[in-house]
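Okay, here's what each chain looks like letter by letter:
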Amino acid sequence: MYFTVTFVVFLFEYFNITSPLVSSLSQKTVKQNISFSGVGLHSGKIVKLVIKPSSPNTGIIFKRVDLNINNLVFPSFENVSNTSLNTTISNQFGVKVSTIEHLMGALYGLGVDNALIEIDGFEVPILDGSAKEFIEEIMKVGFTTSSDPIKVIKINKKVKFSDGNRTIFIKPSKLSLDIDFEIKFKNSVIGNQRNKINLYEDDLVDIYNSRTFCLYEDIEEIKKKGLAKGGSLNNAIVVKNNNILNEEKLRNSKEFVNHKILDCIGDLYTSGYRMIASVTCSQGGHYLTNQLLRKVFENKENYSIIEIKGRNLPHTTLNRTLLKSIA
């Protein structure tokens, strides 16, 4: 299915002019290898990761270089095998890569369509607990743009998933990907926070700089589950009663909910493409986002996958009334 010329022209202008993070309607990859090294938040093991350029239409691929066979893992919502405090993907042979959400969020935001991610362990390094370092290092090397058009998922119908008092739904959007997210904590420092972003127009520095967080009283229970072995005040905000234990304190006033939005962006990219949609979530996380995607893609009437052609279309003055009638 293809959009009309008018809507394609709109998308060309929209992504190319108003968004600083998506530079064209053609597929992008990183210009050269980008290396990272650090501890895994849950494994506690030091891991090395390299983002490498990849050919058009290959998508994002993880490769476990510590394994000789069956070592490719694709970050698809269908391959998500665990959503407890992180997003883990696995292939049919049981090979996994965990805690992919911050890196996936960075790749989405920067408009990286294709990349080979080589990793010598099973968990992406947590770095400082946000996407900040991924964004900075990718921006340093820049991008290579192909002549192949991007594909975009357009949501056609409202789809909702609930788990007790936690809810998430996605519905059609005319022009953007909007994420409206709220969290509710009894702790007075975190409390109730809500933020709404337009992924293609807003300044997302606060989103990508926001770190993962936890309550001090939950740490012992988390560690009993064999998780957070690499957690520290260097890579997570820890809240104890009415105090933040980190010396840095907060990077922005909504850092808690903003980190949840970062997670949501990364998890949405397991759909395979960027989206035109509106997402609203209350008290959600990796599990809700994954279940929502599974529900969306079980019915082809819920979505369209659009190939956007016409990289060299001229800029035009757009008729917004016409846009609304065809979007």
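Reading the values: rules and limits
Residues numbered from 1 in each chain as written. Predicted model: local features only at pLDDT ≥ 70, side-chain atom pairs only at ≥ 80, totals over all residues. Heavy atoms only, no water. 1 Å grid on protein atoms, 1.4 Å probe; cavity = no way out; pocket = protein on both sides within 12 Å on 5 of 7 lines; lining within 4 Å. Points joined across faces, edges and corners; volume = space filled by probe spheres on them. Helix = DSSP H or I, 4+ residues; strand = E, 2+ residues; numbered from the N terminus. Nonpolar A, V, L, I, M, F, W, Y, C, P; charged D, E, K, R; others polar. Buried < 20%, exposed > 50% of the residue type's maximum accessible area, 1.4 Å probe, protein only. Arc of directions from axis to C-beta. Contact = heavy atoms within 4.5 Å. Pairing = 2+ DSSP bridges. Axes fitted to C-alpha atoms, helices over the stretch in contact; angles between N-to-C directions. Patch = residues over 30% accessible without salt bridge, like charges linked within 9 Å, V, L, I, M, F, W, Y side chains within 5 Å. Areas by Shrake-Rupley, 256 points an atom, 1.4 Å probe, with all protein chains shown as cover. Salt bridge = Lys/Arg side-chain N within 4 Å of Asp/Glu carboxyl O. Lys, Arg positive; Asp, Glu negative; His and termini not counted. Charge placed at Lys NZ, Arg CZ, Asp CG, Glu CD.

**Points about the layout of surface pockets**
Reasoning step 1: Reported here for the largest pocket is a volume of approximately 910 Å³.
Reasoning step 2: Leu85, Phe213, Cys214, Ile222 and Lys260 are, among the 35 residues lining the largest pocket, the residues nearest its centre.
Reasoning step 3: Taken together, the elements giving at least two residues each to the lining of the largest pocket come down to helix H2 (101-109), strand S14 (177-184), strand S16 (213-215), helix H5 (219-224), helix H6 (255-268) and helix H7 (286-297).
Reasoning step 4: The residue makeup of the lining of the largest pocket, split by class, is 16 nonpolar, 12 polar and seven charged.
Reasoning step 5: If you add up the space inside the second largest pocket, you get close to 400 Å³.
Reasoning step 6: Lining the second largest pocket are 21 residues, with Thr58, Gly59, Ile60, Gly272 and Tyr273 sitting closest to its centre.
Reasoning step 7: Taken together, the residues of the lining of the second largest pocket sort by class into eight nonpolar, 10 polar and three charged.

**Focus on helix H3 (residues 132-141)**
Reasoning step 1: Among the residues making up H3, those that are buried are Phe134, Ile135, Ile138 and Val141. All buried residues of H3 project into a common sector of 140° when viewed along the axis, lining one side.
Reasoning step 2: Considering only its buried residues, H3 is in contact with strand S1 (26-30), strand S2 (34-39), strand S3 (46-52), H2, strand S10 (143-149) and helix H4 (205-209).
Reasoning step 3: Count one or two residues on from H3 and you reach glycine 142, which has phi positive near 80°.

**Section: the sheet that holds strand S5 (residues 72-73)**
Reasoning step 1: An order of S2-S3-S9-S4-S5 is seen for the five strands of this open sheet, with the pairing classed as mixed. In this open sheet, the two edge strands, each paired with only one partner strand, are S2 and S5.
Reasoning step 2: Relative to strand S9 (residues 115-119), S3 runs antiparallel, the two being bridged by four bridges. The residue of S9 that forms the bridge with isoleucine 51 is isoleucine 117.
Reasoning step 3: In this fold H2 packs onto S3, strand S4 (60-64) and S9, with an angle of close to 145° to the strand it touches most, S4.
Reasoning step 4: Here H3 sits on the sheet in contact with S2 and S3, set at roughly 160° to S2.

**Things to note about a positive patch on the surface**
Reasoning step 1: Positive charge collects at one region of the surface, where Lys158, Lys160, Lys171 and Lys196 lie side by side.
Reasoning step 2: By the secondary structure assignment, lysine 171 is in strand S13 (residues 166-171).

**Comments concerning the side chain of arginine 64**
Reasoning step 1: When you line up the elements, arginine 64 lands in strand S4.
Reasoning step 2: Classification of arginine 64 as buried rests on a relative accessible area of 8%.
Reasoning step 3: Among residues more than four places away in sequence, those in contact with arginine 64 are Asn71, Val95, Lys96, Val97, Ile119, Gly121 and Phe122.

**Remarks on empty space enclosed by the protein**
Reasoning step 1: Following the criterion strictly, the structure yields one cavity of 30 Å³ or more and no others.
Reasoning step 2: Empty space within the largest cavity amounts to approximately 40 Å³.
Reasoning step 3: Around the largest cavity sit Val80, Thr87, Asp267, Thr270, His286, Thr289, Asn290 and Leu293, which together line it.
Reasoning step 4: For the lining of the largest cavity, the leading source of residues is H7, giving four residues.
Reasoning step 5: In the lining of the largest cavity, the residues fall into two nonpolar, five polar and one charged.

**Details of unusual backbone geometry**
Excluding glycine, residues mostly carry a negative phi; peptide bonds, for their part, are mostly trans.
Reasoning step 1: Phi is positive for asparagine 70, which is not a glycine, with a value near 50°.
Reasoning step 2: Mapped onto the elements, asparagine 70 comes out in the loop between S4 and S5.

**Quick look at a nonpolar patch on the surface**
Reasoning step 1: Residues Tyr216, Leu233 and Leu245 make up a contiguous nonpolar surface patch of roughly 270 Å² in combined accessible area.
Reasoning step 2: With respect to the element layout, tyrosine 216 can be found in the loop between S16 and H5.

**Description of the environment of aspartate 148**
Reasoning step 1: Mapped onto the secondary structure, aspartate 148 falls in strand S10.
Reasoning step 2: With a relative accessible area of 26%, aspartate 148 lands in the partly exposed category.
Reasoning step 3: Beyond its immediate sequence surroundings of up to four residues, aspartate 148 is in contact with Leu25, Ser26, Gln27, Pro56 and Asn57.

**As for the sheet that holds S16**
Reasoning step 1: Spatially, the three strands line up as an open sheet ordered S16-S17-S18, and their pairing is mixed. The sheet is open, and its two edges are formed by S16 and strand S18 (243-244), each paired on a single side.
Reasoning step 2: Strand direction decides the pairing type here: S16 and strand S17 (residues 237-240), joined by three bridges, are parallel. Within S17, the residue paired with phenylalanine 213 across the bridge is isoleucine 237.
Reasoning step 3: Its contacts with the sheet put H6 on S16, S17 and S18, and the angle it makes with S17 is roughly 140°.

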